[in-house]
Amino acid sequence: MEELQRALQDRGLTVTGLPEKGRCLYTTKDFYPGEVIISQEPYVCVPNNSSSISRCDGCFASSNLKKCSACQVVWYCGSNCQKLEWKLHRLECQVLSRLDKEKRKSVTPSIRLMLKLYLRRKLQNDNVIPSTATDNYSLVEALVAHMSDIDEKQLLLYAQMANLVNLILQWPEISIKEIAENFSKLACNAHTICDSELRPLGTGLYPVISIINHSCLPNAVLVFEGRLAVVRAVQHVPKGAEVLISYIETAGSTMTRQKALKEQYLFTCTCPRCIKLGQFDDIQESAILEGYRCKDDGCSGFLLRDSDDKEFTCQQCGLVRTKEEIKKITSEGNILSKKTLALTSCGNHQEVVSTYKMIEKLQKKLYHPFSVNLMQTREKLIEILMELEDWKEALAYCRLTIPVYQRVYPQFHPLLGLQYYTCGKLEWFLGDTENAIKSLTKAVEILRITHGTNSPFMKELILKLEEAQAEASYKLSSKDE
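How each quantity is defined
- Per chain, the residues get numbers from 1 upward, laid out in the order the sequence is written.
- With the structure being a predicted model, the display of local features is reserved for residues of pLDDT at least 70 and the display and counting of side-chain atom pairs for 80 or more, all residues being used for whole-chain, interface and lining totals.
- Excluded from the side-chain calculations are hydrogens and water; all other atoms, namely the structure's heavy atoms, are used.
- Runs of H or I in DSSP of at least four residues are treated as helices and runs of E of at least two as strands, each being numbered from the N terminus.
- Residue exposure (1.4 Å probe, protein chains only): buried if accessible area is under 20% of the type maximum, exposed if over 50%, otherwise partly exposed.
- Residue contacts are counted whenever heavy atoms from the two residues lie within 4.5 Å of one another.
- Two strands pair under a simple rule: DSSP has to find at least two bridges between them.
- For helices, the axis comes from a line fit to the C-alpha atoms of the stretch in contact; other axes are also lines fit to C-alpha atoms, and the angle between any two N-to-C directions lies between 0 and 180 degrees.
- Each nonpolar core is a collection of buried residues, namely Ala, Val, Leu, Ile, Met, Phe, Trp, Tyr and Cys, held together in the definition by side-chain atoms within 4.5 Å.
- By the criterion applied in these results, polar contacts are pairs of N or O atoms within 3.5 Å in which, for protein atoms, one can donate a hydrogen and the other can accept it, and in which residues neighboring in sequence qualify only through two side-chain atoms.
- Here roughly perpendicular refers to angles of 65 to 115 degrees, roughly parallel to angles under 35, roughly antiparallel to angles over 145, and oblique to all remaining angles.
- Crossing handedness is read from the near helix: turned anticlockwise from the far helix by less than a right angle, it gives a left-handed crossing, and turned clockwise, a right-handed one.
- Each residue gets one of three labels, nonpolar for Ala, Val, Leu, Ile, Met, Phe, Trp, Tyr, Cys and Pro, charged for Asp, Glu, Lys and Arg, and polar for the others, Gly among them.
- We count a salt bridge whenever a side-chain nitrogen from Lys or Arg sits within 4 Å of a carboxyl oxygen from Asp or Glu.

**Quick look at the environment of Ala 436**
Tracing the backbone through its elements, the reader meets Ala 436 in helix α15 (residues 433-450). Residue class for Ala 436 comes out buried when judged on its relative accessible area of 0%. Spatially, the C-alpha atom of Ala 436 lies 29 Å from that of Val 352, the residues being 84 residues apart in sequence. Ala 436 has contacts with Gly 424, Glu 427 and Trp 428, leaving out every residue within four places of it along the chain.

**With respect to the sheet that holds strand β15 (residues 320-322)**
Overall, antiparallel pairing links the 3 strands, which are arranged β13-β14-β15 in an open sheet. Of all the strands in the sheet, just β13 (303-305) and β15 have a single pairing partner and so form its edges. The average undirected angle you get between the axes of adjacent strands in this sheet is 30°. In this structure, β13 lies alongside strand β14 (residues 311-314), joined through 3 bridges in antiparallel fashion. Looking at β14, one finds that Leu 303 is bridged to Cys 314. Each of β13, β14 and β15 is contacted by helix α10 (residues 323-346), which is oriented at about 60° to β15, the strand it contacts most.

**Some points on the pairing of strand β1 (residues 13-18)**
Pairing of β1 with strand β2 (residues 22-27), which is carried by 6 bridges, proceeds in the antiparallel orientation. When the sheet's bridge partners are listed, Gly 17 is paired in β2 with Arg 23. Linking β1 to β2, which pair antiparallel, is a turn of 3 residues.

**Comments concerning the nonpolar core**
Of all hydrophobic cores here, the largest spans 50 residues; its most connected members are Met 375, Val 408, Tyr 421, Leu 447 and Leu 461. In terms of residues, this core owes the most to one element, helix α13 (residues 391-408), which gives 8 residues. If near-sequence neighbours (up to four positions away) are discounted, Tyr 421 is found in contact with Glu 197, Leu 440, Ala 443, Phe 457, Glu 460, Leu 461 and Lys 464. Grouped together as the second largest cluster of nonpolar side chains are 47 residues, Cys 81, Leu 96, Ala 162 and Trp 171 included.

**Regarding the sheet that holds strand β11 (residues 228-233)**
With respect to topology, 3 strands assemble into an open sheet ordered β3-β11-β10, the strand pairing being antiparallel. The open sheet has two edge strands, β3 (36-40) and β10 (220-225), and neither has a second partner. Between one strand and the next, the sheet's axes are offset by a mean angle of 20°, whatever the strand orientation. When β10 meets β11, the two strands line up antiparallel, connected through 6 bridges. When the sheet's bridge partners are listed, Ala 220 is paired in β11 with Ala 233.

**A few points about the side chain of Asp 195**
Tracing the backbone shows Asp 195 in the loop between β7 (191-194) and β8 (200-205). Within the structure, the side chain of Asp 195 is placed 2.9 Å from the backbone nitrogen of Glu 197, a separation counted as a polar contact. In terms of polar contacts, Asp 195 uses its side chain to reach the side chain of Arg 199, at 2.7 Å.

**Focus: the packing of helix α4 (residues 109-125) against helix α7 (residues 176-189)**
Contact geometry of α4 with α7 gives a least axis separation of 11 Å together with a crossing angle of 115°. Taken together, the axis directions place α4 and α7 in an arrangement best described as roughly perpendicular. α4 and α7 meet at a crossing whose hand is right-handed. On α7, the residues that touch Ser 110, Ile 111, Leu 113, Met 114, Leu 117, Tyr 118 and Arg 121 of α4 are Glu 178, Ile 179, Asn 182, Phe 183 and Leu 186. Classifying every residue of the contact of α4 with α7 gives 8 nonpolar, 2 polar and 2 charged.

**With respect to the pattern of salt bridges**
Working definition: two side chains of opposite charge can pair if their charged atoms are close together. A complete count under the given rule lists 29 salt bridges for this structure. Glu 35 is the partner of Lys 29 in a salt bridge, and the nearest nitrogen-oxygen pair spans 3.9 Å. Within the structure, one salt-bridge network assembled from shared partners comprises Asp 57, Glu 85, Glu 92, Arg 112, Lys 116 and Arg 227.

What follows is the structure, encoded as structure tokens:
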């Protein structure tokens with residue numbers, strides 16, 4: 001701990017223990033929006049490989065891959081990544097090669113993450129790879145496991161997974177109980193590694209980053225540059241303040257967020273947003289985000305359930321909607337949602353679009369315009385329409401989501417920036433240079449704070465904006481001539 005404190009001190013940070021929260025990361029200097037607070041390479045990480053997609057173990061690329069000829073489990077994009085990973089994979093390859101073909105199929109990314117955790121510990125203990133103040137197994141040991149909070153079903157699953165790891169490693173010095181506890185640590189502390197557009201690529205354990213606590217109103221954001229985890233300030237974080245990031249999707253009611261945090265991370269959030277639970281402002285916001293709309297199209301009111309649980313009354317104009325009416329529309333929507341699953345598996349994209357449009361039409365009758373459910377349906381439509389290269393309609397739906405994003409996310413949130421980016425790309429492609437410049441400018445303003453400006457993604461975005469501005473300038477000068 002002393003070594004870690006010394007290493008963090010140089011970065012303007014310190015670890016403090018609080019009875020109600022455990023370890024916390026505090027600042028010992030001011031950090032400003034866009035400034036990197038801390039970054040860390042993973043102690044261990046794995047790509048999210050599945051039957052449908054494989055990724056390189058080194059860089060998570062998904063093209064030009066070759067499978068390791070010995071273990072037949074791990075993929076690489078080339079010799080560079082293979083060499084970088086070789087010290088660790090040499091040991092992993094040995095233990096995986098002992099398994100028969102059927103057993104290898106049960107080596108999921110979670111199992112591999114645990115195998116790599118123990119193998120890396122061994123390599124550091126044997127001084128094959130170096131340990132540092134911010135990269136050593138004692139930091140993993142210090143992570144919270146929450147074993148006493150886990151239900152019996154989950155404990156049994158961890159025990160089964162631990163048994164498989166034990167079988168693969170065949171190390172008598174480690175117990176199934178210890179491995180199961182580490183699985184619990186991974187569940188509470190590992191991070192999903194995403195690309196610059198927040199698409200999941202893999203899972204990594206970052207023991208120092210894991211010290212940072214959650215808030216539904218965070219002052220920092222975690223993004224990834226390749227496998228490197230980078231925490232940047234999204235507002236002024238004064239000296240002596242706690243660094244806070246969000247562990248979950250924050251677009252939702254307090255009850256939804258609390259439920260997600262309790263299930264995944266086994267704690268109850270007491271951030272400034274969550275302590276308002278049950279207060280009128282919180283009830284209103286929850287009703288708008290996840291409740292029902294007034295059936296008068298001209299009214300922007302939200303509904304609350306009556307005390308007899310039979311009706312919902314608009315809090316603005318007093319109009320009533322019956323529980324049966326809402327139930328009927330909800331039921332129709334559920335039937336259509338099941339239909340989209342069947343159509344998607346058949347690859348019938350046009351029918352999927354038509355069905356989602358029917359769902360959207362029902363949801364517009366049922367939900368408030370700022371509803372998260374309606375937003376998610378429109379996001380799905382954007383995704384499919386872009387796959388079908390129907391750029392014009394994709395843009396129309398993208399523009400509909402922007403006001404909702406502005407409401408549910410803070411000013412500097414990567415998802416808001418990325419939605420502006422999508423809008424700008426579509427506008428420019430469709431020849432609407434003027435609006436493309438506006439959207440791309442907003443995207444750059446947000447994403448330069450959350451992502452910095454040095455990643456290939458950000459360089460490409462800034463270049464797109466400059467090209468759009470140059471095009472607009474050329475059109476203007478041509479008109480003047």
